[in-house]
Amino acid sequence: MTKAELVSAIAKGAGITKKEADAALKAAVAAVADALKKGERVAIPGFGIFTVRQRAARKGRNPRTGAVINIPARKVVVFRPAKDLREGLK
């Protein structure tokens with residue numbers, strides 16, 4: 001599903017214009033991104049939970065040369081789907 005298709009689905013489901021649905025989608029994505037940047041957990045009931053985790057530094061290997069490289073520690077966003085969503089996919 002593309003962003004345009006998502007905006008159309010939101011507009012149809014909420015009974016609003018596509019312009020309003022696009023603005024609402026942008027605001028929702030911005031709010032989730034801001035919360036994650038602050039290190040907060042974002043839970044959307046029936047959909048899932050977004051969290052930020054620290055990934056440890058590790059050694060990797062360049063597949064082209066075979067040389068060992070150091071991969072630095074970093075933060076990653078993790079999504080855990082809600083039980084209803086997981087079971088609905090079976």
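Keep in mind it's a predicted model, so treat the numbers as computed, not measured. Every chain begins its residue count from 1, and numbering advances along the sequence as written. Where local features are concerned, this predicted model is filtered to residues with pLDDT of at least 70; where side-chain atom pairs are given and counted, the filter is 80 or more; whole-chain, interface and lining totals use all residues. Note: side-chain values were computed over all heavy atoms of the structure, leaving out hydrogens and water.

A. Main features of the domain arrangement of the protein. Domain annotation for the protein reports domain 1 (1–38) and domain 2 (39–89). Contact between two residues is taken to exist if any of their heavy atoms lie within 4.5 Å; hydrogens are not considered. Contact with domain 1, which involves five residues of that partner, is made by seven residues of domain 2. Buried surface area refers to the total accessible area, computed with a probe of radius 1.4 Å, that the two partners give up upon joining, counted for both partners together. Carbon and sulfur atoms make up 70% of the area that domain 1 and domain 2 hide from each other, which totals about 530 Å². The term salt bridge refers to a side-chain nitrogen of Lys or Arg lying within 4 Å of a carboxyl oxygen of Asp or Glu. Applying the counting rule to domain 1 against domain 2 returns zero salt bridges. Within 3.5 Å is the distance limit for a polar contact, defined as a pair of N or O atoms, with the added protein rule that one can donate a hydrogen and the other accept it, and that residues adjacent in sequence qualify only through two side-chain atoms. Counting across the domain 1 and domain 2 interface gives four residue pairs in polar contact (both at pLDDT 80 or more). Note: domain ranges come from an automatic or database domain assignment.

B. Main features of the packing of aromatic side chains. We call Phe, Tyr and Trp rings a pair once their centres come within 6.5 Å, taking the six-membered ring for Trp, and we label the pair stacked below 30 degrees between planes, edge-to-face above 60, and tilted otherwise. Within the structure shown, the criterion is met by three aromatic pairs. Measuring from centroid to centroid gives 5.2 Å for Phe47 and Phe79, while their planes differ by 45°, and the two rings are tilted. Taken as a pair, Phe47 in the loop between β1 (42–44) and β2 (48–55) and Phe79 in strand β5 (residues 74–81) lie far apart in primary sequence, 32 residues in all. Residue class for Phe47 comes out partly exposed when judged on its relative accessible area of 38%. Runs of E in the DSSP output that reach at least two residues are strands. Runs of H or I that reach at least four are helices, and both are numbered from the N terminus. For the exposure calls, accessible area comes from a 1.4 Å probe over protein chains only, and a residue counts as buried if that area is under 20% of its type's maximum, exposed if over 50%, partly exposed in between.

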